[in-house]
Amino acid sequence: MSRSNRDRSIPRRPLLWLAAALLFTLPPMFGSLVTWVPCLFLLALAIEFWMEPRGYRLRFTTLKLMLAAAALFAIFASYGSLKGVEPAVSLLVVLMSLKILEAQTAREFQVMVLIGWVLCLCGFFLSQDFAIAVCLLTAFVLLLVALIQFNRGSSPGAFWPPLRTACKLLAQAAPLVVLLFFLFPRLNTGFRLEFRDLRSARTGFSDRLSPGSIATLANSSDIAFRAEFPGSKTPPPGPMYWRGAVMWDCDGMEWLAPYAPASTSRSIRQFPRGHTIRQRITLAPHGARWMFALDRPFETPARAILARGDYLWSVQPIRKPRQYEVVSSPEAVGKELQSNERREALEVPSSISPAVRELAQSWTAQNSTPRAIINSALQFFRTQGFGYSLSPGEYRKNDLEQFLFHRRVGFCEHYAASFATLMRLAGIPARVVVGYLGGEYNDLGHFFLVRQADTHAWCEVWLSDSGWTRVDPTTVVAPGRASLDLNSFLERRIASGQMVSHRSAFLTQLTQSAIFTNIRLAWETLSYQWDTRLLAFDADVQEVFLNSIGLANYGPLVLIIEILIVAVALLVIYFGWMRLRTRARADRVMALYERFCRKAARLGVRRDPWEGPSDFSMRAAQLLPDESERIRQISNAYIALRYAPEPAAISLDRFAKEVRVFPSHRH
C-alpha cells in the first residue's frame, strides 16, 4: 500500500482491533462516570462502523466545535464542576468519541491509539480492582496489536501475526517492568491511587444506627475486608463477630456512637489469660476510621487506638487498603464498671411509651436476677411471632412500641436496638455493637471474605460475674445466622421454603454449581493477591524487600542510578543476543543457498557472481526443466528468509530440507 493511500484511509482490520481495545476501557467508566459518557462512547463506535463502509465522517469544523461545547456544558451540568478526576476523564472520553467520528487518515489513527493508552491510565485512576486491571491490560495489548496491524497492512489471513508480535514485545519489556516495580523508589506511601472522594462510599458504618440503616446493605456484594489467620489454614471455631464500633447513646430504636472515641486506659485494661486468635486483616478503603477485629481485640495495631468499648479506631482516615495484624480473645475481659459508664449505660429517653416500660418491669417482677431477665427477654422474642426480614418496612426512632407489639418484623439493627433499650429499662447496663458477622471462607486462598452484606448489630450487657457479655437477639429470631455469612444463610432459608427467591431457578442452580464456585473462589484468590502483593507494595514494604536483598540504606538517587545501570546492561545483553541470533540465522541461510548453487553447478548450471537469486532461478529453471519447480521453491524461500522483515521459523527448516533433497547428479 502506498503512503498516499494510507494517509487517505484507515484499513478496516486495524480499526476492528482499535474498537475491540476501546471496548475494554469501558468497565471503569460505567462504575465511576455519569452513565451518558460511556454510552456516548459506545454510540460513537457503532456509528463509525456504520459510516466507514459508506465513506462518511464528521467533516465540518463548526459542527465539531458545537458538539464539543455541548459536551462540555453537559459535563459541567452532570458534575457541577469541571475540576476533579471524573469530569476530566469524561471530557477526554467525549473528545475521543468525536475523534472516532472524524478520523480517516493514518495520523488520526495513531492519535486515537495514543488517546486509547491514556484512557487505560485514566481507567486505572478510576479503579484498581483486579477485574478492571485485567480489562485495561487487555485494552493496552489490543491497542499495540492495532498499531502493528496498521503498519503491516490488512492482508487476508493476518490475524495471529500482529497478536504474536505484540505479545513478543511485551515479553521483552517484562524484565524492565519487574525491575522498575521492585526497585524504583516509592514517592508515596502506596501503589494504589485513589483520587475520588470516599465519603460517599457505601459501607455499613456511621456513628448512627437507625432502623433500616443495615438492612439496605443486605444485597451489597462490595468487599468490606479480607481476613487471614497466620499460622493456621483452618478458620477458628464458633461464630465470628467482627467488632467495629460501640454505641452508648440510646434514643429508642436509634443509637449513637461517640464522635471522637476515647482511648481505653492502660491502667484499667486487662489482658486475657486463655486462648487468643491472631488475624491479618486487609481493609478496603472507606474514607472513615473504622477498623475491625474479632471480639475482642486487646493488641492495638500501629496508627490506631483501642477505643472505650474495646474496638479499634484509626488515627487517620482510611483512604487506601490497609493491612494490619491484631490479636483478639474470644473470652470476655472482666473489669470493674466505672460509675460514669454505668450511668451512661442505663440512660433511656423520656419518649419511651408506658407499654414498653411495663414489659421490661414485668420481667423484673418475675425474677430480678440479670440472667433471668435476659432469658425472659429472649423468650419474648422467640415466642411472640417475631420475623426476620431484609425489607421490614420503615420504622422511626420512636416506633419501639410499634415494633414490639404490632408489626414484629425486622432486621438485626431492630432487634439489637430494641433489646438493649429493654435491658436498660430493666436496670441492666447495655450497649449496642456494630460490626460484621461471619464471612465466606475461601478454601483456595485460605482467607475469609467479608462483604458489606455481612454487616450486623448485636447487644452487650453488663454482668457482675463476667463483665460485658454479648447477647445477640437476632439469633433467637433467625437460628443459624451466627454460623453463616448472610448470603449462605439466605440460601438455606430459600431452600427450606422460609423465603422466596427472586432469582430464576436456572440462575440459582448455576451459581451453586461446583464449577462456578471453583471459578469464583479462584478469581477472589487472584484478586486478593493483587491487592496484597501488588497494590500494597508501598514504601514500607519496599524497604523490607530492599533489606532482604542487601540494598537498604541507599538514597533514592543512588538507587535510581543502580536501576539505570542494570537496565542498560539488560538492554545490551538483549540486543547482543538478538544480533548474534540474526547473524547466525543469516549465515545458515547463506550457507544453505551456496550449497544449492554448488549442486546446481554439478548439474551444469553455474551461478555468475553478479547474478541475483531471482535471475539465477529463472535461468536454472530453463536449463533444468525437470527440477524447475523445486528450483523456484528454493529461490523463493531464500529470498523470503534473507530479505523478509520477520520470516516464519518453519521456513528455514523447509528451506534446509529442500536444499538437502535437491539432486547433485543427473539421473
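Remember, it's a predicted structure, so these values are computed and weren't measured experimentally.

**Q** Lay out the overall build of the chain in plain terms, naming residues and giving numbers.
**A** A count of helical and extended segments in the chain gives 23 helices and 17 strands. A total of 667 residues make up the chain; the buried ones form 46% of that total. Nonlocal contacts in the chain, meaning residues at least 24 apart in sequence, comprise 72% of its contacts between residues at least 6 apart.

**Q** Residues and numbers for the pairing of strand E6 (residues 277-283), please.
**A** In terms of residue burial, E6 counts as a mostly covered element, since 5 of its 7 residues are buried. In this sheet, E6 lies alongside strand E2 (residues 223-228) in antiparallel orientation, the contact comprising 4 bridges. Among the inter-strand pairings, Ala227 is bridged to a residue of E6, identified as Ile281. Pairing between E6 and strand E10 (residues 322-328): 7 bridges, direction antiparallel. Bridging across to E10, Ile277 finds its partner in Ser328.

**Q** Describe the packing of helix H9 (residues 160-183) against helix H19 (residues 539-548), and please don't skip the residues or the numbers.
**A** The N-to-C vectors of H9 and H19 enclose an angle of 105°; their axes lie 9 Å apart at closest approach. By the angle class used here, H9 and H19 are roughly perpendicular. The segment H9 lies against H19, with Phe181, Phe182 and Leu183 engaging Gln542, Phe545 and Leu546. In terms of residue class, the contact of H9 with H19 is built from 5 nonpolar, 1 polar and no charged.

**Q** Which residues make up the nonpolar core, and what are the values?
**A** The biggest cluster of nonpolar side chains holds 47 residues, and the ones touching the most others in it are Ile374, Phe381, Leu404, Phe419, Met423 and Val461. Looking at this core, the elements that each hand over two or more residues are helix H11 (354-366), helix H12 (370-383), helix H13 (400-407), helix H14 (412-425), strand E13 (430-437), strand E16 (455-463) and helix H15 (474-477). Top contributing element to this core by residue count: H14, with 9 residues. Core analysis: the next-biggest nonpolar cluster, separate from the first, contains 40 residues, Trp17, Leu22, Cys122 and Leu144 among them.

**Q** Which residues make up the packing of aromatic side chains, and what values go with them?
**A** Summed over the entire model, instances satisfying the criterion amount to 34 aromatic pairs. Centre to centre, the rings of Trp462 and Trp468 are 5.8 Å apart; their planes meet at 70°, and the pair counts as edge-to-face. As far as burial versus exposure is concerned, Trp462 and Trp468 are alike and both buried. Clustering of aromatic rings is evident, with ring pairs tying together Trp363, Phe380, Phe381, Phe386, Tyr395, Phe403, Tyr415 and Phe419. Residue placement shows Arg407 over the ring face of Tyr395; its charged tip is 4.0 Å from the ring centre.

**Q** Lay out the sheet that holds E2 in plain terms, naming residues and giving numbers.
**A** Reading across from one edge, E10-E6-E2-E15-E14 is the order of the 5 strands in this open sheet, with antiparallel pairing throughout. Of all the strands in the sheet, just E10 and strand E14 (440-442) have a single pairing partner and so form its edges. Between one strand axis and the next, the sheet turns by 25° as a mean value, whatever way the strands run. Where E14 meets strand E15 (residues 447-451), 3 bridges bridge the pair, whose relative direction is antiparallel. Note on E15: the bridge partner recorded for Asn442 is Phe447. Strand contacts of helix H18 (residues 514-535): E2, E6, E10, E14 and E15, with the helix running at about 85° to E14, the strand carrying the most contacts.

**Q** So what's going on with the packing of H13 against H14? Which residues, and what values?
**A** Relative to each other, H13 and H14 sit at 105°, their axes nearing to 10 Å. Relative to H14, H13 is oriented roughly perpendicular. For the pair H13 and H14, contact is made by Leu400, Phe403 and Leu404 and by His414, Tyr415, Ser418, Thr421 and Leu422, respectively. Taken together, the residues of the contact of H13 with H14 break down into 5 nonpolar, 3 polar and no charged.

**Q** An account of the sheet that holds strand E1 (residues 208-209) is needed here, citing residue identities and associated values.
**A** Pairing within the open sheet is antiparallel, and its 3 strands lie in the order E1-E5-E4. Strand pairing shows two members of the sheet lacking a second neighbour, E1 and strand E4 (249-251), which therefore form its edges. In terms of strand pairing, E1 meets strand E5 (residues 254-256) through 2 bridges, oriented antiparallel. For Leu209, the partnering residue across the bridge sits in E5 and is Trp255. Across the sheet, H14 lies against E1, E4 and E5, angled at about 80° from E5, the strand it touches most.

**Q** So what about the state of the cysteines? Which residues, and what values?
**A** According to the stated counting rule, one finds 0 disulfides in the structure shown. As a non-bridged cysteine, Cys122 has Cys120 as the owner of its nearest cysteine sulfur, 9.2 Å distant. The exposure class assigned to Cys122 is buried, which follows from its relative accessible area of 11%.

**Q** Outline the pairing of E15, supporting the account with residue identities and numerical values.
**A** Across the 5 residues of E15, 4 count as buried, placing the element largely inside the fold. Pairing geometry for E2 and E15, over 4 bridges, is antiparallel. Bridging across to E15, Phe225 finds its partner in Val450. A loop of 4 residues connects E14 with E15, the two strands running antiparallel in sequence, and His446 in this loop sits at a positive phi of about 60°.

**Q** Any details on H9? Residues and values, ideally.
**A** Across its 24 residues, H9 extends 35 Å between first and last C-alpha, which sits within 8% of the 34 Å expected from 1.5 Å per residue. Of all the bends found along H9, the most pronounced is centred on Ala173 and spans about 35°, while Pro175, a proline, follows it within four residues. Listed as buried for H9 are Pro162, Leu163, Thr165, Ala166, Leu179, Phe181 and Leu183.

About the criteria used
- Residues numbered from 1 in each chain as written.
- Predicted model: local features only at pLDDT ≥ 70, side-chain atom pairs only at ≥ 80, totals over all residues.
- Heavy atoms only, no water.
- Helix = DSSP H or I, 4+ residues; strand = E, 2+ residues; numbered from the N terminus.
- Buried < 20%, exposed > 50% of the residue type's maximum accessible area, 1.4 Å probe, protein only.
- Contact = heavy atoms within 4.5 Å.
- Pairing = 2+ DSSP bridges.
- Axes fitted to C-alpha atoms, helices over the stretch in contact; angles between N-to-C directions.
- Parallel < 35°, antiparallel > 145°, perpendicular 65-115°, else oblique.
- Nonpolar A, V, L, I, M, F, W, Y, C, P; charged D, E, K, R; others polar.
- Core = buried A, V, L, I, M, F, W, Y, C linked by side-chain atoms within 4.5 Å.
- Phe/Tyr/Trp six-rings, centres within 6.5 Å; stacked < 30°, edge-to-face > 60°.
- Lys NZ or Arg CZ within 6 Å of the ring centre and 35° of its normal.
- Disulfide = S-S within 2.5 Å.
- Expected span 1.5 Å × (residues − 1).
- Bend = angle between axes of the 7 residues up to and from the residue.

Keep in mind these numbers describe shape, not what the thing actually does.
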